[in-house]
Amino acid sequence: MAGSGLAGAGMPGGFAHDPLPGSLLRIEDLGLADISEILALASELESEDPLRRAFRLAKRRVALLFYESSTRTRTSFELAAKALGADTTLISSKSSSIEKGESLKDTGLTLRALGAEAIILRNSFSGAPWLLERATGLPVLNAGDGMHQHPSQALLDLRTMLRVLRGGTTDITEDLLEGVTITICGDILHSRVARSNALLLPRLGARVLLCGPAQLLPEIAASLGEGIAIERDLDRALAQSDVVMMLRIQAERLAGLHIDLEAYRTGFQLNEDRMEKYPALWLMHPGPMIRGLEIADAAADGPRSLIEEQVRHGLAVRMALVARALGAGSLQ
Ligand code: CP
């Protein structure tokens, strides 16, 4: 992972840089008041008349620049921008001049020359959003940078949890999740979702348990922040948890690491037995799921699965983030 451990993660590369207004590069750049504002705006935009909403960013230009595959993040950012009336364009590494070797900087400058006012970036390199922001002077929304962060995912995950645990409040305080334990289980090592959530949830008083085999969750206890602990036994973790967030093994980032999948299923799969054993447990997964590996159908499709709800919250949260990026983020 970029940085040293979860909670001690600084800027990738160690350079200091204040994000531009409207940018979202990493979750810790948001204060609790910022998060309250974003969630309140998400609720307002979600319930607003679609015709009225479409005037908010009418004819403004937003570019989506995706160097890695995505279904949920890309589609929800695009639909979010369109729901606000913005014109969007999608550039992916395949079928664009990125294939011919054009750099991130030159791609960004090209998008700016074409009138983009904000760029939503997914890139396999930690820190790429900072470089793009610096090169273009445009607000950048980090849609996932390598193994570093996925801050909009952490916000939509928070909104999902607050709906089931705290009546959907948008009033974010440092004790809001006191007494709540969230287990994050799976490929923690490669997960930007785990990192962003683990950096956010303890700030609201939650306890985060990280669970997984040593290969996917190294002994980094010395650098874990307050409110974060390792519990390698999934059953012991679930017995203490209100919510479990399951993660897939990121085969594309394993780089030769061999995982015994049968042992993994036995130790770390969320299956029907485990859902029955912990009847108050809510289940989350950022997707994509690998059914039959980290999660069984009975869990994924069961009544305590929040997985589709997470996707819906993604649309609302990303409308708020796009509006904020273009300076239209104040509540009306
Ligand atoms: N959760 C998430 O980032 O999914 P996608 O890779 O499909 O965008």
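Refer to the structure above for everything that follows.
Residues numbered from 1 in each chain as written. Predicted model: local features only at pLDDT ≥ 70, side-chain atom pairs only at ≥ 80, totals over all residues. Heavy atoms only, no water.

*Asks:* Give a description of the packing of helix H1 (residues 32-47) against helix H6 (residues 151-165) that names residues and reports values.
*Replies:* Orientation of H1 relative to H6, taken along the N-to-C sense of each, is 75°, at an axis distance of 11 Å. Accordingly, the angle class assigned to the pair H1 and H6 is roughly perpendicular. On H6, the residues touching Ile35, Ile38, Leu39, Ala42, Ser43 and Glu46 of H1 are Leu155, Leu158, Arg159 and Leu162. Residues that form the contact of H1 with H6 fall into these classes: seven nonpolar, one polar and two charged. (Axes fitted to C-alpha atoms, helices over the stretch in contact; angles between N-to-C directions. Helix = DSSP H or I, 4+ residues; strand = E, 2+ residues; numbered from the N terminus. Parallel < 35°, antiparallel > 145°, perpendicular 65-115°, else oblique. Contact = heavy atoms within 4.5 Å. Nonpolar A, V, L, I, M, F, W, Y, C, P; charged D, E, K, R; others polar.)

*Asks:* Just give me the short version of the pattern of salt bridges, but keep the residues and values in it.
*Replies:* What the rule picks out here adds up to 19 salt bridges. The partner of Asp235 in a salt bridge is Lys277, and the shortest N-O contact between them spans 3.3 Å. Note that Asp235 is positioned in helix H8 (residues 234-239) and Lys277 in helix H10 (residues 272-277), a separation of 42 residues in sequence. Classification of Lys277 by relative accessible area gives exposed; the value is 52%. A single network of salt bridges, built from pairs that share partners, joins Glu44, Glu48, Arg52 and Arg56. (Salt bridge = Lys/Arg side-chain N within 4 Å of Asp/Glu carboxyl O. Buried < 20%, exposed > 50% of the residue type's maximum accessible area, 1.4 Å probe, protein only.)

*Asks:* Which residues make up the packing of H1 against helix H12 (residues 307-325), and what are the values?
*Replies:* Where H1 contacts H12, the two axes come as close as 8 Å, and the packing angle between them is 110°. In terms of axis orientation, H1 runs roughly perpendicular to H12. Of the residues in H12, those in contact with Ile38, Leu39, Leu41, Ala42, Leu45 and Glu46 of H1 are Ala316, Val317, Met319, Ala320, Leu321, Ala323 and Arg324. Along the lines of polarity and charge, the residues of the contact of H1 with H12 split into 11 nonpolar, no polar and two charged.

*Asks:* Help me get a handle on the side chain of Ser70, residues and values and all.
*Replies:* Relative to the assigned elements, Ser70 resides in the loop between strand S1 (61-66) and helix H3 (72-83). A distance of 3.4 Å separates a polar atom in the side chain of Ser70 from the backbone nitrogen of Thr73. Engagement of the side chain of Ser70 in a polar contact is seen with the backbone nitrogen of Arg74, the distance being 3.0 Å. (Polar contact = N/O pair within 3.5 Å; in protein donor to acceptor, adjacent residues only side chain to side chain.)

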